Amino acid sequence: MRGQPIIEFTFLSPPIEVRDTFEKDGLVAGRQHEYPGASSLQSGSRAVLREIADNNGGGNDPKDYAVELNATNFDAVLKDTPATYALVEFFAHWCPACRNYKPHYEKVARLFNGPNAVHPGIVLMTRVDCALKINTKLCDKFSVGHYPMLFWGPPTKFSAGWSSDQSKSKLRVIDDGRTAERLLNWINKQIGSSYGLDDENFENEHLSPNISDPEQIARAVYDVEEATATAFDIILEHKMIKSGTRASLIKFLQLLVAHHPSRRCRKGTAEVLVNFDDLCPLDMWPSAGHDIDTTNMVGVLHNFHICGKDVPRGYWMFCRGSRNDTRGFSCGLWVLMHSLSVRIEDGESQSTFTSVCDFIHNFFICEECRQHFYGMCSSVKSPFKTARDFALWLWSAHNEVNERLMKEEASLQTGDPKFPKIIWPPKQLCPSCQDKGSSQIEWNRDEVFKFLISYYGNTLVSLYKEKGLLAEDGTNVFLDESSTNAVAVPVGAALAIALASCAFGALACYWRSQQKSRKYFHQLHSLKNI
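Residues numbered from 1 in each chain as written. Predicted model: local features only at pLDDT ≥ 70, side-chain atom pairs only at ≥ 80, totals over all residues. Heavy atoms only, no water.

Looking at an unreviewed UniProt entry, one finds the protein chain named Sulfhydryl oxidase and attributed to Hibiscus sabdariffa. Turning to the protein chain, the UniProt annotation filed under Cofactor (unreviewed entry) states: "FAD". Its UniProt record gives the protein chain a comment under Catalytic activity (unreviewed entry), which states: "2 R'C(R)SH + O2 = R'C(R)S-S(R)CR' + H2O2". (UniProt positions renumbered as here; feature names shortened; annotations may be inferred.)

**Section: the sheet that holds strand β7 (residues 172-173)**
Whether parallel or antiparallel, the strands of a sheet pair through hydrogen bonds between backbone atoms. Reading across the sheet, the 5 strands line up as β3-β5-β4-β6-β7 and stay open at both edges, with mixed pairing between neighbours. Both edges of this open sheet fall to β3 (67-69) and β7, since each of them pairs with a single strand only. Alignment of strand β4 (residues 85-91) against strand β6 (residues 149-153), held across 5 bridges, turns out to be antiparallel. Opposite Val88, over in β6, you have Phe151 as the bridge partner. In the packing of helix α4 (residues 96-112) onto the sheet, contacts are made with β4, β5 (123-129) and β6, and the angle to β5 comes to roughly 155 degrees. (Pairing = 2+ DSSP bridges. Helix = DSSP H or I, 4+ residues; strand = E, 2+ residues; numbered from the N terminus. Contact = heavy atoms within 4.5 Å. Axes fitted to C-alpha atoms, helices over the stretch in contact; angles between N-to-C directions.)

**Some points on the packing of helix α11 (residues 329-341) against helix α14 (residues 387-412)**
Running from N to C, α11 and α14 cross one another at 160 degrees; their axes reach a closest spacing of 9 Å. Accordingly, the angle class assigned to the pair α11 and α14 is roughly antiparallel. Between α11 and α14 the crossing geometry is left-handed. Facing Trp334, Met337, His338 and Ser341 of α11, the residues of α14 in contact are Ala387, Phe390, Ala391, Leu394, Trp395, Ala397, His398 and Val401. In terms of residue class, the contact of α11 with α14 is made up of 9 nonpolar, 3 polar and no charged. (Parallel < 35°, antiparallel > 145°, perpendicular 65-115°, else oblique. Left-handed = near helix turned anticlockwise from the far one by under 90°. Nonpolar A, V, L, I, M, F, W, Y, C, P; charged D, E, K, R; others polar.)

**Examining the pattern of salt bridges**
For the coordinates displayed, the defined rule picks out 14 salt bridges. Across the pair Arg127 and Glu68 runs a salt bridge whose closest N-O atoms are separated by 3.2 Å. With Arg127 in strand β5 and Glu68 in strand β3, this pair connects stretches of sequence that are 59 residues apart. For Arg127, a relative accessible area of 4% puts it in the buried group. A salt bridge links Lys421 to Glu409, with the shortest nitrogen-to-oxygen separation between them at 3.2 Å. Pair noted here: Lys421 is in the loop between α14 and α15 (445-458) and Glu409 is in helix α14, with a separation of 12 residues, a long-range link. The buried category is assigned to Glu409, whose relative accessible area is 18%. (Salt bridge = Lys/Arg side-chain N within 4 Å of Asp/Glu carboxyl O. Buried < 20%, exposed > 50% of the residue type's maximum accessible area, 1.4 Å probe, protein only.)

Structure representation (structure tokens):
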């Protein structure tokens, strides 16, 4: 056998069984079962944690938290996961030691995987069955010489594989993980945590405060997607599209198509806009103030996944609070608005201001927050002429909200003790933003604006850059669902998909360039005619 002994089990080494690969991996007649029933995850999937919940709800073993991967989705899932680290177990389903080890592995996976994970977004725990013929080359790529064999490292580094002579590899073989306790202790040593197997939701948290490390905002790119999808779901679930709100929703969606930091969301939003007039024509309301039954329209719009079919994922990264009822959606929505404010151009500042204010006024379901925000919007008397003016207004408005909530949460003890409201940005994040020598805060607005551009612009999407999800021109690359299922896609269909993707890319680029050179006062049919 190859490689060093890793976990002291009694290993069996019969020849790899030849199984009915298509049946075992959810591939029948050359195609994958429709989600969520498929045992192998969709390519590029970021719903790996949601799939666990679906499977558990379907009567499967409730202890199966680890994500089953195979050769068709291995690279895509690991490349696209928001988790900072990945742990892959290579095993064989016929191996008694592997079956006995599975409960230990699942005890640890419960902490990190699934929508109800105790510590989500930190470690993605996965498994690969080397006894399946479809995975033979994948397991050889990692020089798997015995079962089980565990690998640890940054998710994007797994695509290169591993061999025992790779001293500079970013992947590590776990040599002390034979029990759940020992495996978790090993993980704790790697990431400087003190997680326990008995941890429950929002207990024993070790969340890092985000006021001292500007790089943490990079994790919020996933929260921006989560907030966008959640907001769209709320609008549909509460049937908030009416004759009086339709126009403001269109304008906000146009803003997202042009400037959302995630290309997934830009693409999904564009697809909604292209079909919006057909699904929600203005004349469907016979008269002003007269509401109609929009159930069918809402049902069809639910089929459009505004940030991809796998979002929302069900948890937060940068915006996660130390308690279940703090931060989350409201934090993600603020990050989205700030990210939009630093991506627009001067000629778009007033229309962006109007779009954001109208969107919050019509679709933010917290009544007091909605009224307070719209009151700040109404107090603006002069139109914005530059993007800088709008970005600084939004920053100032956010601080005004924080200052108000600081007092309320202090008196009612309802704030997040780990993330108390503060006047932002603090000196730890931007020392040059505050002028020295004053007992009160004196803001250097030029420095604040520079910080906003860096923080909500380049740093926010830096994880996408690291994962290779940005094109050469700096735009986000959308991982098409078909990318790693090519084995099950006929050549003709693959060519059609490629041509369609190129066509949409050209449409999206043209649409964005047009949006940047004009205000958002055009009819929806102009998008259809591009």
